[in-house]
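One-letter residues, chain by chain:
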Amino acid sequence: AIPGHAFQGLMQLRLSNPIRNLPFSRDTVSAEGWAVYLEEMFIQAGLYDGRPRARENAYIAQLFRAVRVPAELNMQTGKWTADDVIKFWLAEVPMMETNLARQDATHGLRRPSELINTVTGKWQVEHLLADRKRQLGDKFDLGEFHRLRNHQGHVGQRAIGLAALHERADALDDLAGALGLTRG
């Protein structure tokens, strides 16, 4: 997802804490949700103003994320086949390409809940943002929220939320040091 995963990848390269980069620490709900949140943030921030085609494509991408939910639920409960999902997506999503639909449908069959992770993760980011804004009130700064969120890497949103609410952005750094995993 551009700009979501592209930006995420660049930020991930800046993390020095190995715990945030361990393969088992990558929470796909967190990663997918953050990417989709960033995509919508570009729309809301007006970065596509004057570029109606880019804005349209961004909204279509958001729509595709949303229609993954009923597709996933119907596929995993055996009500729909991958072919049923492909037909549904081709009917519901403007400019949907058959090959992309097939790839995502088969991916969803191989990794249950993966298709829903984008929507779930975005909701979690928005929930964390609202909690942080309530906690800080007028002192809330969106840029600082994003910096804190990016500093946590792809660990679960719950861990990120606890770090934010307890103002312990360095909690994973402390753990890495205690385990002798810090880079010298």
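As a further point, take the overall build of the protein. Per the secondary structure count, the protein includes nine helices and zero strands. The N-to-C order of helical and strand elements in the protein reads α-α-α-α-α-α-α-α-α. Relative to its full complement of 184 residues, the protein shows a buried share of 41%. Taken as a whole, the protein presents about 10300 Å² of accessible surface, with 57% of it coming from carbon and sulfur.

With that settled, consider the nonpolar core. Ranked by size, the top nonpolar core spans 14 residues in total, and within it F64, V85, W89, V93, M96 and A105 carry the most contacts. Those elements that place two or more of their residues in this core are α3 (52–76), α4 (82–92) and α5 (98–110). In terms of residues, this core owes the most to one element, α3, which gives five residues. Beyond its immediate sequence surroundings of up to four residues, F64 is in contact with W89, V93, M96 and D104. Counting residues in each nonpolar core, the second largest holds eight residues, with Y37, L38, V125 and F145 among its members.

Between α3 and α4, whose axes approach to 10 Å, the crossing angle comes to 155°. Taken together, the axis directions place α3 and α4 in an arrangement best described as roughly antiparallel. Regarding α3 and α4, the two cross each other, and that crossing is right-handed. On the side of α3, the interface is formed by L63, F64, V67, R68, P70, A71 and M75, while α4 contributes A82, V85, F88, W89 and E92. Per-class residue counts for the contact of α3 with α4 are ten nonpolar, no polar and two charged.

Moving on, we come to the packing of α4 against α5. Their axes nearest at 9 Å, the elements α4 and α5 cross at an angle of 135°. Comparing the axis directions of α4 and α5 gives the class oblique. The handedness of the crossing between α4 and α5 is right-handed. Contact residues: α4 offers A82, V85, I86, W89 and L90, while α5 offers T98, A101, R102, D104, A105 and L109.

Pairs can form between side chains of opposite charge whenever their charged atoms are close. Evaluated as defined, the whole model comprises nine salt bridges. R53 is paired through a salt bridge with E56; the nearest N and O atoms lie 2.7 Å apart. Linking R53 with E56, this pair stays in helix α3, spanning three residues, or about one helical turn. On the accessibility criterion, R53 (46% relative accessible area) is partly exposed.

Glancing now at the side chain of Q62. Its place among the elements puts Q62 in helix α3. Q62 sits in the buried class, given a relative accessible area of 14%.

Tracing the backbone shows R65 in helix α3. The exposure class assigned to R65 is buried, which follows from its relative accessible area of 11%. When the C-alpha positions of R65 and V36 are compared, they lie 8.4 Å apart, and in sequence the two are 29 residues distant.

How each quantity is defined
- Residues numbered from 1 in each chain as written.
- Predicted model: local features only at pLDDT ≥ 70, side-chain atom pairs only at ≥ 80, totals over all residues.
- Heavy atoms only, no water.
- Helix = DSSP H or I, 4+ residues; strand = E, 2+ residues; numbered from the N terminus.
- Buried < 20%, exposed > 50% of the residue type's maximum accessible area, 1.4 Å probe, protein only.
- Areas by Shrake-Rupley, 256 points an atom, 1.4 Å probe, with all protein chains shown as cover.
- Core = buried A, V, L, I, M, F, W, Y, C linked by side-chain atoms within 4.5 Å.
- Contact = heavy atoms within 4.5 Å.
- Axes fitted to C-alpha atoms, helices over the stretch in contact; angles between N-to-C directions.
- Parallel < 35°, antiparallel > 145°, perpendicular 65-115°, else oblique.
- Left-handed = near helix turned anticlockwise from the far one by under 90°.
- Nonpolar A, V, L, I, M, F, W, Y, C, P; charged D, E, K, R; others polar.
- Salt bridge = Lys/Arg side-chain N within 4 Å of Asp/Glu carboxyl O.

Keep in mind these values describe shape, not function.
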